[in-house]
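What the coordinates show
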Amino acid sequence: MDTPRTLFDKIWHAHVVVDRGDGHHLLYVDRHLLHDGSAAGFARLRERGLKVRRPDLALATPDHYNSTARRDLDAIADPQHRRLVEAIRNNTRDHGVRLFYLDDARQGIAHVVSPEQGLTQPGVTLVCGDSHTATHGAVGALAFGIGSSEVAHVMATQCLWQRKPKAMRITLDGTPGPGVTAKDLVLAIIAHIGAAGGVGHVIEYAGSAIRGLSVEGRLTVCNMTIEAGARAGMVAPDDTTYAYLHGRPLAPEGAAWERALAAWRTLPTDDGARFDREVSIDATRIVPMVTWGTSPEDAIAIDGRVPDPAEARDAAKRDAMRVSLEYMGLTPGTRIEEVPVDRVFIGSCTNSRIEDLRAAADVVRGRTARVPAWVVPGSGLVKRQAEAEGLDRVFRAAGFEWREPGCSMCVGMNGDTGAPGQRIASTSNRNFMGRQGRGVRTHLLSPAMAAAAAVTGRFTDVRRLASQGA
Amino acid sequence: MEAFTTLTAVAVPIDLANVDTDQIIPARFLGRPRDQQRGAMFHDLRHAPDGTPHAGFVLNRPEYAGARILVADRNFACGSSRENAVTVMVDNGFRAFIAPSFGDIFFSNCFQNGVLPIRLPAARVDALRAALRASPGATITVDLAAQTVTGPDGTRDGFDIDPFRKDCLLRGVDEISLTLGYENEIARFEARRRIEAPWL
């Protein structure tokens with residue numbers, strides 16, 4: 001009998017073009033996502049007089065530098081940023097790469113757009129010059145972020161030199177309680193294994209709590225894999241995955257669908273396959289989470305308190321906590337629910353899909369935002385769907401800003417940033433110092449929790465809000 | 001690409017774990033051309049909001065001027081894939097990083113820019129940083145062929161490196177040219193893929 005293999009093993013070995021015999025493999029890339037930060041990759045290609053080898057396997061959309069106030073080039077104030085957005089248009093035209101530009105309803109965050117179009121499929125290798133490429137593992141793909149040199153390498157060769165990472169499985173069993181979302185699961189995972197816990201590994205998420213998630217929820221979990229230090233996270237494809245993909249514009253159809261489906265069904269990890277590391281987490285014990293510090297591992301339960309550095313496990317951790325707390329302007333022992341927020345951001349490749357907006361709108365409906373709050377849909381199609389469901393009216397009636405798709409305040413590259421000292425409840429993925437603008441204090445949480453913070457003006461346990469009704 | 005063989009240089013210690021690439025180069029500088037990014041290295045840790053340099057921050061201290069090696073803590077350069085985190089350090093003279101662990105994407109990006117990231121056990125990295133703090137401006141020697149790091153006190157540590165990466169660094173190999181040499185293998189793979197997975 002064949003040795004049992006993991007999902008990751010199967011995809012890896014199906015993509016080896018050259019095995020040097022020294023642990024390094026030339027790996028074939030099935031899908032390459034490009035965005036307005038990809039100009040350096042194109043420049044490198046141009047310097048050498050090379051063309052994109054397989055433009056048919058690439059998809060481009062501006063997301064980092066475009067304005068979320070208005071969907072046109074003139075709305076971009078900074079001329080350098082405008083040039084980068086123009087560059088993706090010109091470069092994709094020169095190389096024959098498909099582009100969803102600003103005037104295309106399908107434009108949006110690359111990591112939202114590709115699954116939405118059905119371009120992200122089980123068993124594929126997918127790369128992008130962006131660390132949140134891990135997102136795409138949610139449908140059973142091997143997807144990871146690369147730098148601009150490797151972007152140029154993929155453009156020129158459709159391959160990458162890679163050493164096989166180790167495999168880790170994180171099993172979440174049990175049914176999470178009400179109000180507990182995919183975002184809470186992944187924040188709890190990162191708090192458990194640490195921001196460096198996954199370094200050198202590919203993580204497969206398994207267990208009944210993961211199986212019970214929609215594909216959108218799985219996208220959220222895989223998205224933040226990089227915040228646990230691992231380059232790629234994945235979930236084995238199942239009927240939930242196939243139902244999600246079926247009928248999407250770039251998914252196979254007809255006989256090709258049947259053939260693809262038969263191949264996809266062979267992908268899940270075999271019984272008895274060995275992982276280099278196994279972690280088990282009881283999902284029934286996870287509650288809504290919020291981060292207090294400047295690393296994504298600094299997540300606590302919403303009914304918890306800001307931790308005390310005096311209780312840190314070692315001196316290095318104690319010092320790091322002191323630096324974080326000073327930056328965040330928090331006092332140890334404070335109940336996190338007593339902390340007021342200045343602003344709310346609902347968006348990013350972590351949490352800007354239709355389910356996220358529905359969850360936030362359910363909390364907002366009939367209430368009023370106490371602080372400035374933004375909703376930035378992940379794509380033009382998410383926006384259109386939300387408007388068809390009347391979610392935009394719910395948000396607007398409550399005083400939220402309803403904006404155009406893009407990365408926006410998750411990374412602030414387009415100028416969507418907070419003011420120094422502002423405390424932002426954010427559905428994004430990184431609470432690093434200065435991430436949302438210099439001196440800005442970022443707290444990560446789920447869309448429902450962000451909505452609860454918006455309507456109360458402080459961190460609030462969404463479960464209590466839900467039980468009170470509107 | 002410039003080859004990497006041996007390097008003896010002033011080394012600077014950074015005593016923080018989980019330094020993310022947003023700290024190495026904040027996002028607001030990424031839209032600039034590379035030749036306008038040099039001053040952005042660790043910008044917000046090096047400067048007060050009014051632009052005044054923080055005299056105490058290690059990279060501002062004159063003893064470490066000309067440093068080409070950085071000795072960091074656990075999970076150095078985690079977070080964003082921005083290759084600017086490597087290039088801004090290269091443009092400020094750095095060619096080698098030593099840490100117990102690195103962000104995976106940064107680690108790969110180093111090799112694309114002729115930079116050597118070295119993983120050593122945490123206790124050894126702690127000792128190196130302590131030695132550099134005790135004698136600011138001291139040098140470290142990195143010998144890639146021998147795979148050794150020699151600290152200020154002469155202590156020598158061996159390090160592991162992937163043979164492929166080592167060879168590329170030693171010879172200054174351009175990876176794209178190398179891979180284009182495998183055109184036949186790539187074309188064969190693509191032909192097989194068209195038959196086995198035609199829906200792609």
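A few points about the overall build of chain B
On a plain count of helices and strands, chain B comes out with 8 helices and 7 strands. Along the longest, intermediate and shortest principal axes, the C-alpha atoms of chain B span 60 × 40 × 25 Å. Out of the 200 residues belonging to chain B, those deemed buried represent 42%.

Quick look at the overall build of chain A
When its secondary structure is counted, chain A shows 16 helices and 19 strands. A compact globule built from 470 residues should have a C-alpha radius of gyration of about 23 Å, and chain A, at 21 Å, falls within 12% of that. Along the first, second and third principal axes, the C-alpha set of chain A runs to 55 × 55 × 45 Å. By the burial criterion, 60% of the 470 residues in chain A qualify as buried. Partitioning the contacts of chain A with sequence separation of at least 6, the portion at a separation of at least 24 is 77%.

Some words on helix H15 (residues 447-456) of chain A
For an α-helix, 3.6 residues make a turn, and residues three or four places apart therefore share a direction. All names here are of chain A. With 10 of its 10 residues buried, H15 lies for the most part within the structure. Taken together, the buried positions of H15 are occupied by Pro447, Ala448, Met449, Ala450, Ala451, Ala452, Ala453, Ala454, Val455 and Thr456. With its phi angle positive at about 80°, Gly457 sits one or two positions after the end of H15.

Section: unusual backbone geometry
Residues and elements named next belong to chain A. Phi is positive for Gln158, which is not a glycine, with a value near 60°. Turning to its location among the elements, Gln158 is positioned in the loop between helix H5 (148-157) and strand E8 (159-163). The backbone of Ser408 shows a phi angle near 50°, a positive value even though the residue is not glycine. Turning to its location among the elements, Ser408 is positioned in the loop between strand E17 (401-402) and strand E18 (423-426). Using a count of 30 C-beta atoms within 10 Å as the deciding quantity, one classes Ser408 as buried.

So, the nonpolar core
In terms of nonpolar packing, the biggest core is built from 206 residues, with Val344(A), Val364(A) and Ile98(B) touching the most fellow members. Top element by residues in this core is helix H6 (residues 182-193) of chain A. It accounts for 9 residues. Leave out the neighbours within four places in its chain, and Val344(A) touches Val371(A), Ala373(A), Ile424(A), Ala425(A), Ala450(A), Ala453(A) and Ala454(A).

Some thoughts on the pairing of strand E7 (residues 142-145) of chain A
Residue and element names in this part refer to chain A. What you see with E7 is no split at all: Leu142 and Phe144 on one side and Ala143 and Gly145 on the other are buried throughout. In this structure, strand E6 (residues 125-128) lies alongside E7, joined through 4 bridges in parallel fashion. Note that in E7 the partner of Thr125 across the bridge is Leu142.

Thoughts on the environment of Pro13(B)
Residues and elements named next belong to chain B. Here Pro13 lies in strand E1 (residues 6-13). C-alpha separation for the pair Pro13 and Asp44, spaced 31 residues apart in sequence, amounts to 18 Å. Among residues more than four places away in sequence, those in contact with Pro13 are Val58, Val71, Arg129, Leu132 and Arg133.

Some details on the sheet that holds strand E4 (residues 116-119) of chain B
Picture the strands of a sheet paired through backbone hydrogen bonds; they go either parallel or antiparallel. All names here are of chain B. Spatially, the 7 strands line up as an open sheet ordered E4-E3-E2-E1-E5-E6-E7, and their pairing is mixed. The open sheet has two edge strands, E4 and strand E7 (156-158), and neither has a second partner. Pairwise comparison of adjacent strand axes, ignoring direction, gives a mean angle of 25° for this sheet. Relative to strand E3 (residues 96-99), strand E2 (residues 69-71) runs parallel, the two being bridged by 3 bridges. Its bridge partner being in E3, Leu70 is matched across the sheet by Phe97.

Quick notes on the environment of Ala9(B)
Residues and elements named next belong to chain B. Mapped onto the secondary structure, Ala9 falls in strand E1. Put simply, Ala9 and Ser101 are 92 residues apart on the chain and 21 Å apart in space, counted from C-alpha to C-alpha. In this structure, Ala9 is in contact with Ala67, Arg68, Ile69 and Thr139, ignoring residues within four places of it in sequence.

Some details on the packing of helix H12 (residues 354-364) of chain A against H15(A)
Residue and element names in this part refer to chain A. It is the contact of H12 with H15, at a shortest axis distance of 8 Å, that shows an interaxial angle of 30°. One way to sum up the angle between H12 and H15 is to call them roughly parallel. You can see that H12 and H15 cross each other, and the crossing is right-handed. Here H12 contributes Asp356, Ala359, Ala360, Val363 and Val364 to the contact with H15, which in turn contributes Pro447, Ala448, Ala450, Ala451, Ala452, Ala454 and Val455. A class-by-class count of the residues in the contact of H12 with H15 yields 11 nonpolar, no polar and 1 charged.

As for the pairing of strand E2 (residues 24-28) of chain A
Taken residue by residue, a regular strand's side chains alternate between the two faces of the sheet. Residues and elements named next belong to chain A. The buried fraction of E2 is high, at 4 of 5 residues. In terms of strand pairing, strand E1 (residues 16-19) meets E2 through 3 bridges, oriented antiparallel. Each bridged residue has a counterpart across the sheet, and for Asp19 the counterpart in E2 is His25. Relative to E8, E2 is paired through 5 bridges, and the arrangement is antiparallel.

A word on the sheet that holds E8(A)
All names here are of chain A. Spatially, E1-E2-E8 is the arrangement adopted by the 3 strands of the open sheet, whose pairing is antiparallel. The outermost strands of the open sheet, each flanked by one partner alone, are E1 and E8. Taking each pair of neighbouring strands and ignoring which way they run, the sheet shows an average axis angle of 30°.

Focus: the interface of chain A and chain B
Listed per partner, the contact involves 58 residues of chain A and 42 residues of chain B. Sorting the residues of the side of chain A that touches chain B by element identifies E1, E2, helix H3 (79-95), H5, E8, helix H10 (254-264) and helix H11 (315-328) of chain A as the ones contributing at least two each. The leading source of residues in the side of chain A that touches chain B is H5(A), at 7 residues. Split into classes, the residues belonging to the side of chain A that touches chain B amount to 26 nonpolar, 19 polar and 13 charged.

Quick notes on the packing of helix H2 (residues 39-47) of chain A against H5(A)
Residues and elements named next belong to chain A. Two elements in contact, H2 and H5, have axes whose closest approach is 8 Å; the angle formed by their N-to-C orientations is 55°. Looking at the two axes, H2 sits oblique to H5. Of the two possible hands of crossing, H2 and H5 adopt the one that is right-handed. Facing Ala40, Gly41, Arg44 and Leu45 of H2, the residues of H5 in contact are Ser148, Ser149, Val151, Ala152, Met155 and Ala156. The residue inventory of the contact of H2 with H5, partitioned by class, reads 6 nonpolar, 3 polar and 1 charged.

Concerning H6(A)
Residue and element names in this part refer to chain A. Helix length check: H6, at 12 residues, gives a terminal C-alpha distance of 17 Å against a target of 16 Å (1.5 Å per residue), a fit within 8%. For H6, the buried fraction is high: 11 of the 12 residues fall into the buried class. Phi turns positive, to about 90°, at Gly194, one or two residues after H6.

So, the confidence of the model for chain B
The pLDDT averaged across chain B works out to 96; a share of 100% of its residues lies at or above 70. Taken over the whole predicted complex, pTM reads 0.97, whereas the ipTM for its chain interfaces reads 0.96.

A short note on the environment of Ala209(A)
Residues and elements named next belong to chain A. Its location among the elements puts Ala209 in helix H7 (residues 208-211). Put simply, Ala209 and Leu59 are 150 residues apart on the chain and 32 Å apart in space, counted from C-alpha to C-alpha. What Ala209 contacts, discounting residues up to four positions off in sequence, is Leu172, Asp173, Gly174, Thr175, Pro176, Leu185 and Ala283.

Calculation notes
- Residues numbered from 1 in each chain as written.
- Chains lettered and ligands numbered in written order.
- Predicted model: local features only at pLDDT ≥ 70, side-chain atom pairs only at ≥ 80, totals over all residues.
- Helix = DSSP H or I, 4+ residues; strand = E, 2+ residues; numbered from the N terminus.
- Buried ≥ 20, exposed ≤ 12 C-beta atoms within 10 Å, placed from the backbone.
- Rg over C-alpha atoms; globule rule 2.2 N^0.38 Å.
- Contact = placed C-beta atoms within 7 Å.
- Core = buried A, V, L, I, M, F, W, Y, C linked by C-beta atoms within 7 Å.
- Pairing = 2+ DSSP bridges.
- Axes fitted to C-alpha atoms, helices over the stretch in contact; angles between N-to-C directions.
- Parallel < 35°, antiparallel > 145°, perpendicular 65-115°, else oblique.
- Left-handed = near helix turned anticlockwise from the far one by under 90°.
- Nonpolar A, V, L, I, M, F, W, Y, C, P; charged D, E, K, R; others polar.
- Expected span 1.5 Å × (residues − 1).
- pLDDT = per-residue confidence, 0-100.

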